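What the coordinates show
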Amino acid sequence: QVQLVESGGGLVQPGGSLRLSCAASGSIGRLNVMGWYRQTPGTERDLVATITGLGSTNIADSVKGRFTISRDNANAEYTVYLQMNSLKPEDTAVYYCNVRTGWGTEYWGRGTLVTVSS
């Protein structure tokens, strides 16, 4: 059974930084895409960033230049990170970790709240 465990959310002042982590356990294979999405109340879940197993990234325009996605693939234990710098109040959201396997299955974490406020 695949589980995604997120950490790193919290309260930060505008202009500050946070780093989110998501560790995947279970069989997701090597050909997976890991990423982060975010959602605010009453809106759809939006892409923030994704990264393939080979390191190719896709970053939303709204966070490009401020957020960086990276991952570790050591020993088939997959962890994805989201480094968030120069945070703005509009970045406030619940951030969800996502994994899409090479077999077409998709998994979501429970979400971690990021609040940017003074």
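Right, let's walk through the structure included here. Since the model is a prediction, treat every value here as computed from it, not as a measurement. (Residues numbered from 1 in each chain as written. Predicted model: local features only at pLDDT ≥ 70, side-chain atom pairs only at ≥ 80, totals over all residues. Heavy atoms only, no water.)

**Observations concerning the overall build of the chain**
Helix and strand content of the chain: zero helices and 11 strands. Against the compact-globule benchmark of 13 Å for 118 residues, the chain has a radius of gyration of 14 Å, which places it among compact chains. Reported as C-alpha extents along the three principal axes, the dimensions of the chain are approximately 40 × 25 × 20 Å. In the chain, the share of contacts with a sequence separation of at least 24, taken over all contacts with a separation of at least 6, comes to 53%. A total accessible area of about 6500 Å² is found for the chain, and carbon and sulfur atoms account for 47% of it. Here the chain contributes 10 positively and 9 negatively charged side chains, and the mean placements of these two sets differ by 3 Å. (Helix = DSSP H or I, 4+ residues; strand = E, 2+ residues; numbered from the N terminus. Rg over C-alpha atoms; globule rule 2.2 N^0.38 Å. Contact = heavy atoms within 4.5 Å. Areas by Shrake-Rupley, 256 points an atom, 1.4 Å probe, with all protein chains shown as cover. Lys, Arg positive; Asp, Glu negative; His and termini not counted. Charge placed at Lys NZ, Arg CZ, Asp CG, Glu CD.)

**A short note on the sheet that holds strand S8 (residues 78–84)**
Across the sheet, four strands lie side by side as S1-S3-S8-S7; this open sheet has antiparallel pairing. The open sheet terminates on both sides in strands that have one partner only, identified here as strand S1 (3–7) and strand S7 (67–72). Going from strand to strand, the sheet's axes swing by 15° on average, the running direction of each strand aside. (Pairing = 2+ DSSP bridges. Axes fitted to C-alpha atoms, helices over the stretch in contact; angles between N-to-C directions.)

**Some details on the packing of aromatic side chains**
As enumerated under the stated definition, the model contains one aromatic pair in all. Summarising the aromatic geometry, the rings of Tyr 37 and Trp 108 are spaced 5.1 Å apart at their centres and angled 70° between planes, so their arrangement reads as edge-to-face. With Tyr 37 in strand S4 (residues 33–39) and Trp 108 in strand S10 (residues 106–108), this residue pair connects regions lying 71 residues apart in the sequence. According to the relative accessible area criterion, Trp 108 is partly exposed, its value standing at 35%. (Phe/Tyr/Trp six-rings, centres within 6.5 Å; stacked < 30°, edge-to-face > 60°. Buried < 20%, exposed > 50% of the residue type's maximum accessible area, 1.4 Å probe, protein only.)

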